[in-house]
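One-letter residues, chain by chain:
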Amino acid sequence: MSGLILGTAGHVDHGKTALVRALTGVDTDRLKEEKERGITIELGFAELDLRGRVRFGVVDVPGHEDFVRAMVAGAAGMDVVLLAIAADEGVMPQTREHLAIVDLLDVPELVVAVTKCDLADADWLELVDADIADLLLGTRYAGARRVPTSATKEAGLDALLDALVDAAARVQVAEATDLVRLPLDRVFTIQGTGTIATGTLWSGTLKVGERVHILPQGLDAKVRGIQVHERDAMEARAGDRTAVSLSGEGADRTVVARGATLVTSPDWMVTWMVTARVRVLPDAGWNLTHHQRVHLHHGTAEILARCALLGAEEIGPGESGWVQFRLEEPLTVRVRDRIVIRAYSPVTTIGGAVVAEAMPPKRKRLDEWTRAALASLVDGSPAEAVAAHVELQGWAGASRSALPVHTGFAPRLVESGLAELDPARTLTTAHRAFGAVVRAEAEERVLRAVEEGHTADPLRPAISLAAVRSALPSWAPSDLADAVVNGLVAGGRLEGAEGGLRRPGHRPALSEDQEAASARLEDVFRTGGLGAPAVDELEAGLRARGDLWPLLRRLESLGVVRQVGDGLFLGSADLDAAAARIRTALGGQKDLGPTAFRDVLPVTRKRLLPLLAYFDGLGTTLRRGEGRDVPE
């Protein structure tokens, strides 16, 4: 059976709690004040298990206007809403506000229970039914079933259950392998058990023994035990009413409270800014303006924020637009999450938003390209959302493991979306993905760096990888350069050679004059041994050549010489022979001073010191304070 969240909605005293009690046998009013006043103040919970058909976790919300904050916390994450409208009163103010909230939260399905039908005659019921039809007209719930019921008489309950099962069949079941997210609505301590955190599991599967993170506090904890609808369990799944026993720093109830979120993946994050598409209610009586202060309700959290409008100067009733919320407290969000917006004062619902960017850069205005990318994130398929996020990340690239957070899709759907990206345009590494614009520019920069290297040093067989990598922005991840180079080599646009890169077919060609100069340099190093002259000590004819350094680097790439120090090249054969003499004559000796090497390295003290530093780098000698050891 699928586990879904069924939530109530409706005006105060319209029989929501009585209806839940009639369906489940559970009185969800647990507080003394609730029983004394006869109204729901806090969220209540029950389980409706229709065996063989569907299992609902039921969230009973307050109907009084003073407790809309609690109602929004309960409505977030619902799969099906049971809207209670009393037959003796009909549509009331909180009926309208609750319907607006569940519509703004994009709850997939709604069933109307016309309660207290035993208190109204047939003619009155017909009028109430017409009012309800008018209420639903123009919303996504216009075709919702309306079922007459009476909790006290137990009338219409079977028909109501059938309607709920039908609605549940149209809801897309949450991915069991999705990221775990549990918004907490209560945190308390039980003697002998420790800290308990409760909530309705929004997504994923939470298991006993798992390490979890509590955000936005950034605390770690371990799951010691789980209860699902007050029964011990080894795991909880999306839609389950869950109580988690915690240990560790995240079990500090003086720090962790309602509004926090329990997660398992390290890719969840907290943000101080959210980009969202906002819709203002047609009858809100409010305009959303730049810098306006508002209440944002997300999950069980409520925070204050400032609105930074990214288009028009204001968004009027019935209008939509893009807004960046600058938050006054950190929030844990996911792309495609729904947010309810309420005015700062007086506190009334004015609209809702869908998250497009959970960790955005600070934006002022949107160009058409960015606007289209954001629209793909909130409306597009997994492939379209993945592509849009990847392009928006620019040179930084998109973290593959964090894509479920930044697209709103489960990991399985993200991977299928990644697979649909055009490999000829986008670029995917083991950890990141880069868009077509970045890939094209990165390839152009790498190719240009190779060409410029050939132009500057035509005698060098290949351009070093370090020089090629430096052609990309310093903030670009290192795996981008490697992926671009590998792609260009695989595509035949570059060749790997001499530990570097070159244009395909590029081979250094010496003129007759350069051939003679190169031969003269080889002779100098061959005959000079370890005492061969440094660059500034070469004969005047060689020293004056403009291509001296390219000629030296060419000899180095061919293995004829090696650079020992600044401006000092020596023959490779002479250096290898010297290393062998050191090991033979001094192997196993320790704490040797420079003079101990004079017999095996018969050079001046000026030349001896850079030679020893060179052999230190190779590991032939080991520097120990003022002396050196020679390994056996």
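Heads up: the structure comes first, above all this text.
So, a few notes on the structure that sits alongside this text.

Calculation notes
Each chain has its residues counted from 1, following the order in which its sequence is written. At least 70 in pLDDT is required for a residue's local features to be given in this predicted model, at least 80 for side-chain atom pairs to be given and counted, and no such filter applies to totals for whole chains, interfaces and linings, which use all residues. With hydrogens and water set aside, each side-chain value is computed from the structure's full complement of heavy atoms. Strands are labelled as partners when DSSP assigns at least two bridges between them. Strands are runs of DSSP state E lasting at least two residues, helices are runs of H or I lasting at least four, and both sets are numbered from the N terminus onward. Each residue's exposure class comes from its accessible area (1.4 Å probe, protein chains only) as a fraction of the maximum for that residue type: buried when under 20%, exposed when over 50%, partly exposed otherwise. Residues count as neighbours in contact if any of their non-hydrogen atoms are within 4.5 Å of one another. Salt bridge criterion: a side-chain nitrogen from Lys or Arg within 4 Å of a carboxyl oxygen from Asp or Glu. A fitted line through C-alpha atoms serves as each axis, taken over the contacting stretch for helices, and the angle formed by two N-to-C directions is quoted from 0 to 180°. For this classification, under 35 degrees means roughly parallel, over 145 means roughly antiparallel, 65 to 115 means roughly perpendicular, and everything else is oblique. Residues are grouped as follows: nonpolar covers Ala, Val, Leu, Ile, Met, Phe, Trp, Tyr, Cys and Pro; charged covers Asp, Glu, Lys and Arg; every other residue, Gly included, is treated as polar. Each crossing gets its hand from how the near helix is turned against the far one by less than a right angle, where anticlockwise is left-handed and clockwise is right-handed. Every definition here rests on a 1 Å grid over the protein atoms only: cavities are sets of points where a 1.4 Å probe fits but cannot get out, pockets are open sets enclosed by protein on both sides within 12 Å along at least five of seven lines, and lining residues have some atom within 4 Å of a point. Grid points are joined across faces, edges and corners, and a volume is the space filled by probe spheres set on the points. Helices are assigned an expected span. That span is 1.5 Å times one less than the residue count. Planes of paired rings set the category: under 30 degrees apart is stacked, over 60 is edge-to-face and the rest tilted, where pairs are Phe, Tyr or Trp rings (Trp by its six-membered ring) whose centres lie within 6.5 Å. The definition of a polar contact used here is a pair of N or O atoms within 3.5 Å, where within protein one atom must be able to donate a hydrogen and the other to accept one, and adjacent residues in sequence count solely through side-chain atom pairs.

**Overview of the sheet that holds strand β28 (residues 463-464)**
Consideration 1: Taken together, three strands build an open sheet; the order of strands is β28-β30-β29 and the sheet is antiparallel. Two strands bound the open sheet, and with one partner strand each, they are β28 and β29 (495-497).
Consideration 2: Where β29 and strand β30 (residues 500-502) come together, three bridges link them in antiparallel fashion. Bridging across to β30, Glu 495 finds its partner in Arg 502.

**Re helix α8 (residues 382-392)**
Consideration 1: For α8, every residue scored as buried is listed here: Ala 383, Ala 385, Val 386, Ala 388, His 389, Val 390 and Leu 392.
Consideration 2: Its buried side turned inward, α8 meets β24 (349-357), α7 (368-379), β25 (398-399), α9 (403-407), α10 (411-419) and β27 (432-434).
Consideration 3: Looking at the residues trailing α8, positive phi occurs at Gly 394, about 60 degrees.

**Here we look at the pattern of salt bridges**
Pairs can form between side chains of opposite charge whenever their charged atoms are close.
Consideration 1: For the structure on display, the rule yields 39 salt bridges.
Consideration 2: Residue Arg 342 is joined to Glu 97 by a salt bridge in which the shortest nitrogen-to-oxygen separation is 3.0 Å. Remark: Glu 97 occurs in helix α4 (residues 93-104) and Arg 342 occurs in strand β23 (residues 338-343); sequence separation between them is 245 residues. In this structure, Arg 342 and Glu 97 share a single accessibility class: buried.
Consideration 3: Each member of the salt-bridge network shares a partner with another, and the members are Arg 520, Asp 523, Arg 526 and Glu 539.

**Considering the sheet that holds strand β19 (residues 293-298)**
Consideration 1: Taking strand neighbours around the barrel as the criterion, the six strands line up as β17-β22-β20-β19-β23-β24 in a closed arrangement whose pairing is antiparallel. For this sheet, the mean inter-axis angle between neighbouring strands, taken without regard to orientation, is 45 degrees.
Consideration 2: Pairing analysis gives five bridges linking β23 to β24, with the strands arranged antiparallel. Its bridge partner lying in β24, Ile 339 is registered against Ala 353.
Consideration 3: Against the sheet, α4 contacts β17 (271-280), β23 and β24, and its axis sits at roughly 10 degrees relative to β24.
Consideration 4: The sheet contacts of α7 involve β17, β22 (320-331) and β24, and relative to β24 the element is tilted by about 100 degrees.

**A look at the side chain of Thr 332**
Consideration 1: With respect to the helices, strands and loops of the structure, Thr 332 is situated in the loop between β22 and β23.
Consideration 2: Setting aside its immediate chain neighbours within four residues, Thr 332 contacts Arg 181, Leu 215, Pro 216, Thr 261, Trp 268, Met 269, Val 270 and His 298.

**Some details on the packing of helix α1 (residues 16-24) against helix α6 (residues 157-169)**
Consideration 1: Packing of α1 against α6 leaves a shortest axis separation of 11 Å and a crossing angle of 90 degrees. Judged by the angle between their axes, α1 and α6 are roughly perpendicular. For the pair formed by α1 and α6, the contact residues are Leu 19, Ala 22 and Leu 23 on the first element and Leu 157, Leu 160 and Leu 161 on the second.
Consideration 2: Broken down by class, the residue content of the contact of α1 with α6 amounts to six nonpolar, no polar and no charged.

**Focus: the packing of α7 against α8**
Consideration 1: With their axes 8 Å apart at the nearest point, α7 and α8 run at an angle of 140 degrees to one another. Classified by the angle their axes make, α7 and α8 are oblique. For the pair α7 and α8, the sense of crossing is left-handed. Residues Trp 369, Thr 370, Ala 373, Leu 374, Ser 376 and Leu 377 of α7 form the contact with α8, whose participating residues are Glu 384, Ala 385, Ala 388, His 389, Glu 391 and Leu 392.
Consideration 2: The class makeup of the residues in the contact of α7 with α8 is seven nonpolar, three polar and two charged.

**Some remarks on the layout of surface pockets**
Consideration 1: Counted as a void, the largest pocket has a volume near 1200 Å³.
Consideration 2: For the lining of the largest pocket, the secondary structure elements donating two or more residues are β1 (3-9) and α7.
Consideration 3: At three residues, β1 tops the list of elements feeding residues into the lining of the largest pocket.
Consideration 4: A per-class count over the lining of the largest pocket returns 20 nonpolar, seven polar and eleven charged.

**Some words on helix α13 (residues 478-490)**
Consideration 1: In this model α13 runs 19 Å from its N-terminal to its C-terminal C-alpha over 13 residues, within 8% of the 18 Å that 1.5 Å per residue would give.
Consideration 2: By the burial criterion, the buried members of α13 are Asp 479, Leu 480, Ala 481, Ala 483, Val 484, Val 485 and Leu 488.
Consideration 3: On the buried face of α13, the contacting elements are β26 (427-428), β27, α11 (436-456), α12 (465-469) and β30.
Consideration 4: Just beyond α13, the residue with positive phi is Gly 492, at close to 80 degrees.

**Regarding the pairing of β19**
Consideration 1: In terms of burial, β19 is largely enclosed, as five of its six residues are buried.
Consideration 2: With six bridges joining them, β19 and strand β20 (residues 301-309) adopt antiparallel strand pairing. Residue pairing across strands places Arg 293 opposite Arg 306, the latter belonging to β20.
Consideration 3: Where β19 lies against β23, four bridges are found, and the strand directions are antiparallel. Along β23, the bridge assignment pairs Leu 296 with Ile 341.

**Brief notes about the packing of aromatic side chains**
Consideration 1: As enumerated under the stated definition, the model contains two aromatic pairs in all.
Consideration 2: Ring centres of Tyr 614 and Phe 615 lie 5.4 Å apart, and the angle between their planes is 65 degrees; on these two criteria the pair is classed as edge-to-face. Neither Tyr 614 nor Phe 615 differs from the other in exposure class; each is buried.

**Side note on the side chain of Ser 203**
Consideration 1: Following the sequence through the fold, Ser 203 ends up in the loop between β9 (194-200) and β10 (205-207).
Consideration 2: In terms of polar contacts, Ser 203 uses its side chain to reach the backbone carbonyl oxygen of Leu 179, at 2.6 Å.

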